[in-house]
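Tertiary structure, described
Residue strings, one per chain:
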Amino acid sequence: KSSNLKGYAPICLGLEDFYTRRLYLRIQDCFGRPIASAPDAWFDVVERYSNDSNKTLHRTTKTSKCLNLGSYNYLGFAAADEYCTPRVIESLKKYSASTCSVRVDGGNTKLHVELEELVARFVGKPAAILFGMGYVTNSAIIPALVGKGGLIISDSLNHNSIVNGARGSGATVRVFQHNNPAHLEEVLREQIAGGQPRTHRPWKKIIVIVEGIYSMEGELCKLPEVIAVCKKYKAYTYLDEAHSIGAVGKTGRGVCELLGVDPADVDIMMGTFTKSFGSCGGYIAASKEIIDHLKHICPAHIYATSMSPPAVQQVISAIKVILGEDGSNRGAKKLAQIRENSNFFRSELQKMGFEVLGDNDSPVMPIMLYNPAKIPAFSRECLRQHVAVVTVAFPATPLLLARARICISASHSREDLIKGLEVISKVGDLVGIKYFPPAGEGS
Ligand code: PMP
């Protein structure tokens, strides 16, 4: 039916996975080629990332530069930085790329200890512990905190690493409606015998897990309301700040700062270094007792090689810039810039007639495509015009809620954003995804 999209008429097929018996969606173009092997923004090889306004050198377009509207590089620390990069190179020379050891057995450098102290101070908790990967931080920590006899209540749109950790923990898992504290309370009340918060409850421990900014929705967590419910029912709060730490809040301290929540009211704070800090790895920040417990029993701490020292140094340097401890005000400028860029881009998309999910200040902004058949055309047409976007579909989203997920960075210039908007607008017309009348037209 896409008569103006010659060669792009995609065909969607529901396929059942032979092993897991789950239904998957395969999208192929009109020639029967699966889109995964056709030229696309993210299925090809990236040649390099450059630091001029968040650009990516991409092979598909014969190594021409693309405006990168899909990277989690929220503060622009992911490419060469005048403060971070020389220090990272120094740490590489001093410690090498890997400790080749676990933390408890020779893999504990001064840098690891320094970063744990810095993270704890930054997020406002007494102590912190590092892990080599954000994904593993959730999937390995949740089972170390709660097990058989415990109850996990998880937001229905929590990230796969949380789902994986919850399933692997052996605890009973209940899901509440996405970002709906009233439903959370309903589920909690149901699970506590006679609705008595302190006594006679059947669970050893109850943990409620939420995200600061939901990665596929761009929405801020209703954290104050969630905390109020948790306090009432004596449940622990676990907050994944992967997309919010460093990215929101006046001084980059995430949703707690943005929403005026005291970090003392969040029992377990989790975050990753792969987004705002331009590195890799993850952390848990909590009370000294919880962190000591994790250090003693968590297999991902005891048996896994510690974080790569240059990656640790990258995070230390980035946090110092954010805090102004590099002696400049670049951190404050970056934070003001990401906020301005995000709010500008979101409101312009809305004016054009796109349906954009998420809240103001959030750098994550999904543009709804709905029909998964629109994914290949949207993605490839944007790429042809040197704008790289990420498109997301089932199973990461419900089947008919496909979307393009834009991530805005402080390193995007105003010209970049305007170019991105122009291209998205043109491609949006072509693909037919402007579901509202543009501002000024219609009622
Ligand atoms: N939590 C959330 C909410 C995420 O979105 C992600 C990945 N994007 C992770 C955890 C895993 O983090 P990482 O990619 O750093 O392993």
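Worth saying up front: this structure is predicted, and the values here are computed from it rather than measured. (Residues numbered from 1 in each chain as written. Predicted model: local features only at pLDDT ≥ 70, side-chain atom pairs only at ≥ 80, totals over all residues.)

Points about the overall build of the chain
Within the chain, the regular secondary structure consists of 13 helices and 16 strands. For the chain, the proportion of contacts with a sequence separation of at least 24, taken over those separated by at least 6, is 68%. (Helix = DSSP H or I, 4+ residues; strand = E, 2+ residues; numbered from the N terminus. Contact = placed C-beta atoms within 7 Å.)

Examining the domain arrangement of the chain
Per the domain assignment, the segments of the chain are domain 1 (84-323) and domain 2 (329-362 + 384-396 + 420-443). Between domain 1 and domain 2, the C-alpha centre-to-centre distance is 29 Å. Across the contact, 13 residues belong to domain 1 and 11 residues belong to domain 2. Ranked by residues supplied to the side of domain 1 that touches domain 2, first place goes to helix H10 (residues 309-323) with 3 residues. Of the residues assigned to the side of domain 1 that touches domain 2, the class counts are 9 nonpolar, 2 polar and 2 charged. (Domains from an automatic or database assignment. Nonpolar A, V, L, I, M, F, W, Y, C, P; charged D, E, K, R; others polar.)

What to know about the site of the ligand
Near the ligand there are 14 residues, and of these Gly 134, Tyr 135, Ala 242, Thr 272 and Thr 274 occur at the shortest range. Here the shell around the ligand takes 3 residues from helix H3 (residues 134-145), the largest share from any one element. Residues belonging to the shell around the ligand are distributed by class as follows: 3 nonpolar, 9 polar and 2 charged. (Near = placed C-beta within 6 Å.)

Remarks on the sheet that holds strand S16 (residues 402-407)
Strands sit in the order S13-S16-S15 across an open sheet of 3 strands; the sheet is antiparallel. What marks the edges here is a single partner per strand, and that holds for strand S13 (364-370) and strand S15 (390-392). Along the sheet, successive strands turn relative to each other by an average axial angle of 30°, direction set aside. With 3 bridges connecting them, S15 and S16 associate as antiparallel partners. For Val 392, the partnering residue across the bridge sits in S16 and is Arg 403. (Pairing = 2+ DSSP bridges. Axes fitted to C-alpha atoms, helices over the stretch in contact; angles between N-to-C directions.)

Digging into helix H13 (residues 414-431)
For H13, which comprises 18 residues, the first-to-last C-alpha distance of 25 Å matches the rise-based estimate of 26 Å (1.5 Å per residue) to within 8%. Inspection of H13 places Asp 416, Leu 417, Gly 420, Leu 421, Val 423, Ile 424, Val 427, Gly 428 and Val 431 among the buried residues, and these make up the whole buried set. Taken from the residues just after H13, Gly 432 is the one with a positive phi, measuring 80°. (Expected span 1.5 Å × (residues − 1). Buried ≥ 20, exposed ≤ 12 C-beta atoms within 10 Å, placed from the backbone.)

Concerning the environment of Lys 434
Position of Lys 434 among the secondary structure elements: in the segment after H13. Through-space distance from the C-alpha of Lys 434 to that of Val 102 is 52 Å; in sequence the pair is 332 residues apart.

Thoughts on the sheet that holds strand S6 (residues 127-131)
By way of backbone hydrogen bonds, the strands of a sheet pair with one another, either parallel or antiparallel. Spatial strand order, S6-S12-S11-S10-S9-S7-S8: 7 strands in an open sheet with mixed pairing. Each edge of the open sheet carries a strand with a single partner, namely S6 and strand S8 (172-176). Taking the axes of each pair of neighbouring strands and ignoring which way they run, one obtains an average angle of 20° across the sheet.

Some thoughts on the nonpolar core
Val 208 and Ile 284 are the most contacted members of the largest nonpolar core, which has 117 residues in total. Here this core takes 8 residues from H10, the largest share from any one element. (Core = buried A, V, L, I, M, F, W, Y, C linked by C-beta atoms within 7 Å.)

A look at the pairing of strand S9 (residues 206-211)
Among the 6 residues of S9, 6 are classified as buried, and the element is accordingly described as predominantly covered. Judged by which residues are buried, S9 turns out to be covered on both faces: Ile 206, Val 208 and Val 210 on one side and Ile 207, Ile 209 and Glu 211 on the other are all buried. Here strand S7 (residues 151-155) pairs with S9 via 4 bridges, running parallel. Pairing of Leu 151 across the sheet is with Ile 206, part of S9. In this fold, the crossover linking S9 to strand S10 (residues 236-240) by way of helix H6 (residues 223-232) has right-handed handedness. (Right-handed = clockwise from strand over helix to strand, strands pointing away.)

Description of the packing of helix H5 (residues 181-191) against H6
Axis separation between H5 and H6 bottoms out at 9 Å; the angle between their running directions is 15°. Taken together, the axes of H5 and H6 are roughly parallel relative to one another. Helix-helix and strand crossings are classified by hand; for H5 and H6 the assignment is right-handed. From H5, Pro 181, Leu 184, Glu 185 and Leu 188 reach across to H6, where they touch Glu 225, Val 226 and Val 229. (Parallel < 35°, antiparallel > 145°, perpendicular 65-115°, else oblique. Left-handed = near helix turned anticlockwise from the far one by under 90°.)

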